[in-house]
Amino acid sequence: MAAFSSLLDILAEVPDPRRAEGKLYKLPHVLLFSILAIISGCNSYRGIVTFIDVHRRRLNRSFGLKWRRAPSHTAIRYILQGLDPGAVEAAFRRHAALLQAARTKPGTASIALDGKTLRGSFDRFHDRTAAHVLSAFTTDTKLVLAHVEIGEKSSEIPAAQALLAELGIAKDTIVTLDALHCQKKPSTSPRRATSTSSSRSRTINRR
């Protein structure tokens, strides 16, 4: 299907966690069909398998495949859990950048950065706090350009600065953030500022 050709090409660059032999199902199609299933409301590995099974004939016709059955849920789980998160995020960013370049108009770009805590991501058994993710959303084209997970010992402020640098925001782009980002970075170190204040006080006293 032409509408997904560019996404399939990008997904083909994601490293396959499986061994070289026995790859009955191509990784780009497994990832694409999993994405379509999740967008359709599936929230489990078995749900992805059900989606592929229900639409298998149509998917075969649209993408020139000859799948006789959907992959098992254990195969889907093995593939998705074995992916490199950084490589997957890079693939999504490339695809989002292509869509953004095709839809945005000069001088109208607007990006909103917002952090959210993922519901249900708290892991009490492994003593892990809930995952906190910062997203870059374009308000003009309604696209999510990127995600970045915020470390437990970090905050949104350095994550937002790094994300903006990675995206290479154009000069005429409007960027909106929460009030917690309204901090002024000092141009001089505290030690230097103290030294300057002391020298000024000595000058005043001598006068």
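Cut-off values and rules
- Sequence order as written defines the numbering, with residues in each chain counted from 1.
- Per-residue local features of the predicted model are confined to residues with pLDDT of at least 70, and side-chain atom pairs are confined, for both listing and counting, to 80 or more; whole-chain, interface and lining totals are unaffected and use all residues.
- Hydrogen atoms and water are omitted, and side-chain values are computed over all heavy atoms in the structure.
- Angles here are taken between N-to-C directions and fall from 0 to 180 degrees, while the axes themselves are lines fitted to C-alpha atoms, restricted in helices to the stretch in contact.
- Secondary structure elements are taken from DSSP: a helix is a run of H or I of four residues or more, a strand is a run of E of two residues or more, and numbering for both begins at the N terminus.
- Put simply, a crossing is left-handed when the front helix is turned counterclockwise from the back one by less than a right angle, and right-handed when it is turned clockwise.
- Contact criterion: two residues are considered in contact whenever any of their non-hydrogen atoms come within 4.5 Å of each other.
- Side-chain classes are defined by residue name, with Ala, Val, Leu, Ile, Met, Phe, Trp, Tyr, Cys and Pro counting as nonpolar, Asp, Glu, Lys and Arg as charged, and the others, Gly among them, as polar.
- In this description, a nonpolar core means a group of buried Ala, Val, Leu, Ile, Met, Phe, Trp, Tyr and Cys residues linked to one another through side-chain atoms lying within 4.5 Å.
- Working definition: with a 1.4 Å probe on protein chains only, accessible area under 20% of the residue-type maximum means buried, over 50% means exposed, and in between means partly exposed.
- We treat two strands as partners when DSSP finds at least two bridges between them.
- Salt bridge, as used here: a side-chain nitrogen of Lys or Arg that lies within 4 Å of a carboxyl oxygen of Asp or Glu.
- Aromatic pairs are defined between Phe, Tyr and Trp rings, using the six-membered ring for Trp, whenever the two ring centres lie within 6.5 Å; interplanar angles under 30 degrees are classed as stacked, those over 60 as edge-to-face, and all others as tilted.
- Orientation is classified from the angle alone, with under 35 degrees giving roughly parallel, over 145 giving roughly antiparallel, 65 to 115 giving roughly perpendicular, and any other angle giving oblique.

An unreviewed UniProt entry lists the protein under the name H repeat-associated protein N-terminal domain-containing protein, from Acidiphilium multivorum.

> Can you break down the packing of helix H3 (residues 45-54) against helix H5 (residues 73-82) residue by residue, with the values?
The contact between H3 and H5 brings their axes to 8 Å, and the two run at 115°. Helix-helix and strand crossings are classified by hand; for H3 and H5 the assignment is right-handed. For the pair H3 and H5, the contacting residues are Tyr45, Arg46, Ile48 and Val49 in the first and His73, Ile76, Arg77, Leu80 and Gln81 in the second. Taken together, the residues that form the contact of H3 with H5 break down as five nonpolar, two polar and two charged.

> Which residues make up the nonpolar core, and what are the values?
Ranked by size, the top nonpolar core spans 29 residues in total, and within it Leu32, Phe33, Ile52, Phe63 and Trp67 carry the most contacts. Residue assignment for this core shows that the elements contributing at least two residues are helix H1 (5-11), helix H2 (27-39), H3, helix H4 (56-63), H5 and helix H6 (85-103). When residues of this core are assigned to their parent elements, the largest contribution, eight residues, is made by H2. Excluding residues that lie within four positions of it along the chain, Leu32 makes contacts with Phe4, Leu7, Leu8, Leu11 and Phe63.

> Account for the environment of Thr50, naming residues and giving values.
Structurally, Thr50 is set in helix H3. Given the relative accessible area of 46%, Thr50 is considered partly exposed. Along the chain, Thr50 and His73 lie 23 residues apart, while their C-alpha atoms are 9.2 Å from each other.

> Before we move on, can you summarise the side chain of His95 with the specific residues and values?
Within the secondary structure, His95 is located in helix H6. For His95, the contacting residues outside a window of four places in its chain are Ser6, Leu7 and Ile10.

> Please set out the pairing of strand E3 (residues 143-150) residue by residue, giving values where relevant.
The side chains of a regular strand alternate between the sheet's two faces. Summarising the sheet, strand E2 (residues 132-138) and E3 pair through seven bridges and their orientation is antiparallel. Note on E3: the bridge partner recorded for Leu134 is Val148. In this antiparallel pair of consecutive strands, E2 and E3, the connection spans four residues, and Lys142 shows a positive phi of 60°.

> Break down the pattern of salt bridges for me, with residues and values.
This structure, assessed with the given rule, holds six salt bridges. Residues Lys23 and Asp16 are paired through a salt bridge, measuring 3.7 Å at the closest nitrogen-oxygen approach. According to the relative accessible area criterion, Lys23 is partly exposed, its value standing at 37%. Notably, a salt bridge pairs Lys116 with Asp114, separated by 3.4 Å at the nearest N-O pair. Accessibility expressed as a relative area gives 52% for Lys116, which makes it exposed. Connected through salt bridges with shared partners, the residues Asp16, Arg18 and Lys23 form a single ionic network.

> Go over the packing of aromatic side chains with me, naming the residues and quoting the values.
The geometry of an aromatic ring pair is captured by two quantities: the separation of the ring centres and the angle between the planes. A complete count under the given rule lists four aromatic pairs for this structure. Ring geometry for Tyr25 versus Trp67: centroids 4.7 Å apart, planes at 80°, classification edge-to-face. Of the two residues, Tyr25 sits in the loop between H1 and H2 while Trp67 sits in the loop between H4 and H5, which places them 42 residues apart along the sequence. Summarising the burial analysis for this pair, Tyr25 and Trp67 share the class buried.

> Residue-level account of the side chain of His29, with values.
Relative to the assigned elements, His29 resides in helix H2. Contacts of His29, omitting those with residues within four sequence positions, involve Leu8, Phe63, Leu65 and Trp67.

> Would you mind going over the packing of H2 against H5 in detail, with residue names and values included?
Running from amino to carboxyl end, H2 crosses H5 at an angle of 100°, the nearest separation of the two axes being 11 Å. As judged from the angle between their axes, H2 and H5 are roughly perpendicular. Between H2, through Leu27, Val30, Leu31 and Ser34, and H5, the contact on the second element is made entirely by Ile76, Ile79 and Leu80. A breakdown of the residues in the contact of H2 with H5 according to their chemical character gives six nonpolar, one polar and no charged.

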